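Here is how the chains run, residue by residue.
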Amino acid sequence: MAGILLVCDCAHSQTVDSDSIEAGAGIACSRLHSALCTTEAGAAAKAIQDGDAVIACQQEWARFEEIAEELEAPVPLLVDIRDRAGWSDEAARAGPKQAALVAQALLAAPQTRTVDVVSEGRCLVIGGEAAALAAAERLAEPMSVTVLLAEPPEDLPVDRNFEVVVGRLRTAAGALGGFRLRIDGLRQMEPGGRGAFAFSEPRDGAESECDSILDISGAAPLFPAHEKREGYFRADPGDPNAVAAAVFEAGQTVGTFEKPLYVRLEESLCAHSRASQRGCNKCLDICPTGAIAPAGDHVAVDPMVCAGCGSCSAVCPSGAISFDAPPVASLFRRMEALSGAYRKAGGAAPRLLVTDRSFGAEMVALSARFGRGLPADVIPFEVEAIAGFGHAEMLAALAGGFASVDLLLPPRAEDEAPRRELALAQAMGGEGRLGLLEVGDPDALSEVLYDREAAAEPAEPVLALGSRRQVARLAAQALNPAGAMLPLPEGAPYGSVAVDTDACTLCLACASLCPSGALGDNPDLPQLRFQEDACLQCGLCVQVCPEDAVTLEPRLDLSDAALEQRVLNEEEPYECIECGKRFGVKSTVERIVEQLAGKHSMFASSEASRLIRMCDDCRINAQYHSTDNPFAMGERPRVRTTEDYLRDRSKDH
């Protein structure tokens, strides 16, 4: 942990509560400065040189980074307590929040996994003749450009700075550095000869690749959520400024880039399908970019297409897909640090405002600089993806000591997952304490937060340990201390399975395909067992049941009974007529006997029909000793060798 926090009141414009910070964050504060970035920069330089300082200023990060470079010292950790706490109508009471923000900043940040993406500058330009050729001229110097036109151009440039082809783009897939194209009616330019260039005969099904695509055709986008597809730039051909901006952005896609690996997939946990029976499709339905696709019994995530919205992680019932930039465990630790430091510094009922790192952070900063700022009990919490902040995270915040949680949605954000997860979290104990904020004005944000009624007393904090599913259950128990059977919305990943015992034949197809092991059998008795805590409500059991005897009931049982196995259906076993060994299901064996004995050619005789009533061992033994024993055969012929063949051939000659 850093040794000292350099605090500054930013030209006497904010109140810094050093005592609260020291009590809550456990770090010593320097004397209060007023101009660390200018006239008192020497104090900052000395602390940076000593290498044990954190600077409570993020606005002037470039200045402090410059000082560190001049001193050849590591860049210090910077934390903002001004925009998020010090500049506020309630700044005098913001000490606990300042302590919380510092405590969170002191946590070690996990490394994000990345992969290198190499783009060699192969760019495909799609559009009308005039706009596409003009854009290609501008891109031809830094990139290798090919223009795709619908018809042969009337006035093709005689220089060969870029390629021109004619055709129809049938499909496009991939992302920056790896687009895959299929083109019909492809006609390539023939460079030889005098006069205008000619084009080859058209051919369908041509395949090609490129690193980036500039689409100024004005047609429908090539990809879903196209603004999230890296390497795909689209502009209205009627807007010269938009086209110029798109051309500029496309021109920057040459080189090697780091692509974050946003999610982690554990295939063995995936409940997508079993034995060609379709189960859970939540991630497939929610992914805005189409980065997720079926891959047998599980799904596959294309990391190059994934834009890191986090929706798949929020809705995944089993935890097979988890947001990994950073991991969810890191997010839980950050919320615990905020809540714990706030209390240590004397605060009582903090509210959590969840924002993204662009729109939300800017809203908070503008509100602080030009408006009322945030209330003293509202702690802003920046996350990489708002849509990835699911019901488990909301409940963990409430159970971790926050009185309420609000999510600030950016404009045009994917809101399906947040709305679904909010409804689920409310049903699990967060009713009246969770909300979505859809405001685009900083002043409006402040007014909403200041006008809220006093937050309810938060729950006694509990530690968020385990998987998201385990954390959600633990938090729900903390929020419902009396215990309860909570009804949940349709599609919730928690619930029970009901079996129509009159229709169920105990074939156990449901148990054999259950991906989580919630349904199981008893090796000693004809029983179907169920453990509610493990049920994902994926629906595979419903799909595979031949008798339509299985139904799902979304709910959350907070009692210990949910952790135990219970019998959904059972019957008496049948006793072998020869040895008395128990096998099979009595009703099933009797039904088979009734349908086959004396009626089917294979079981026409009484001796043959007795085989149905025998266990496996006795059935084999009876068949072996029967007159028409299928196992009986003559003496095994001797294996013929090469010598036998040679001897027989010599006899023939």
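Look a little higher up for the structure.
In this report, we go over the structure that sits alongside the text. Note that the structure is predicted; figures quoted are calculated from it, not measured.

A word on the packing of helix α12 (residues 391-399) against helix α15 (residues 468-479). Where α12 meets α15, the axes come as close as 8 Å, and the angle between the chain directions of the two elements is 40°. Classified by the interaxial angle, the pair formed by α12 and α15 is oblique. For α12 against α15, the interelement crossing comes out left-handed. Together, H391, A392, E393, L395, A396, L398 and A399 of α12 and R468, V471, A472, A475, A478 and L479 of α15 make up the contact between the two elements. A per-class count over the contact of α12 with α15 returns ten nonpolar, one polar and two charged.

Its location among the elements puts V305 in the loop between β19 (298-301) and α9 (311-315). A residue is classified by how much of its surface remains accessible, and V305, at 5% relative accessible area, is buried. C-alpha separation for the pair V305 and G174, spaced 131 residues apart in sequence, amounts to 6.5 Å. What V305 contacts, discounting residues up to four positions off in sequence, is G174, A175, R229, T289 and A291.

The strands making up a sheet associate through backbone hydrogen bonding, with each pair oriented either parallel or antiparallel. With parallel pairing, the four strands of this open sheet are ordered in space as β22-β21-β23-β24. Two strands bound the open sheet, and with one partner strand each, they are β22 (378-383) and β24 (434-437). Adjacent strand axes in the sheet meet at a mean angle of 25°, parallel and antiparallel pairs treated alike. Bridge count between strand β21 (residues 351-356) and β22: six bridges; the pairing is parallel. Within β22, the residue paired with T355 across the bridge is E382. Packing of helix α11 (residues 359-370) onto the sheet brings it into contact with β21, β22 and β23 (404-408), and relative to β21 it is tilted by some 120°. Relative to the sheet, α12 contacts β21, β23 and β24, its axis offset from that of β23 by approximately 140°.

Moving on, we come to the environment of Q252. Relative to the helices and strands, Q252 resides in the loop between α7 (240-251) and β14 (255-260). On a C-alpha basis, the gap between Q252 and G231 in space is 9.8 Å, while along the polypeptide they are 21 residues apart. Here F248 takes part through its backbone oxygen, which lies 3.3 Å from a polar atom of the side chain of Q252.

Moving on, we come to the side chain of H33. Summarising the element assignment, H33 is placed in the loop between β2 (28-29) and α2 (41-50). Relative accessible area serves as the criterion here: at 5%, H33 is assigned to the buried category. Among the polar contacts made by the side chain of H33, one reaches the side chain of E40 at a distance of 3.1 Å. Excluding its chain neighbours within four sequence positions, the residues that come into contact with H33 are V7, C8, D9, E40 and A43.

It is worth spelling out the pattern of salt bridges at this point. As enumerated under the stated definition, the model contains 33 salt bridges in all. Measuring nitrogen to oxygen at the nearest pair gives 2.4 Å for the salt bridge that ties R182 to E207. Residue R182 is found in strand β9 (residues 179-190), and its partner E207 is found in strand β11 (residues 206-210); the two are separated by 25 residues along the sequence. Residue class for R182 comes out partly exposed when judged on its relative accessible area of 26%. Here R610 makes a salt bridge to E578, at a shortest N to O gap of 2.3 Å. Of this pair, R610 sits in helix α19 (residues 606-610) while E578 sits in the loop between β31 (573-575) and β32 (582-585), placing them 32 residues apart in sequence. Overall, R610 belongs to the partly exposed group, its relative accessible area being 28%. Given a relative accessible area of 45%, E578 falls into the partly exposed group. Members of the salt-bridge network, linked through shared partners, are E532, E553, R555 and R566.

Procedures and definitions
- Residues numbered from 1 in each chain as written.
- Predicted model: local features only at pLDDT ≥ 70, side-chain atom pairs only at ≥ 80, totals over all residues.
- Heavy atoms only, no water.
- Axes fitted to C-alpha atoms, helices over the stretch in contact; angles between N-to-C directions.
- Helix = DSSP H or I, 4+ residues; strand = E, 2+ residues; numbered from the N terminus.
- Parallel < 35°, antiparallel > 145°, perpendicular 65-115°, else oblique.
- Left-handed = near helix turned anticlockwise from the far one by under 90°.
- Contact = heavy atoms within 4.5 Å.
- Nonpolar A, V, L, I, M, F, W, Y, C, P; charged D, E, K, R; others polar.
- Buried < 20%, exposed > 50% of the residue type's maximum accessible area, 1.4 Å probe, protein only.
- Pairing = 2+ DSSP bridges.
- Polar contact = N/O pair within 3.5 Å; in protein donor to acceptor, adjacent residues only side chain to side chain.
- Salt bridge = Lys/Arg side-chain N within 4 Å of Asp/Glu carboxyl O.

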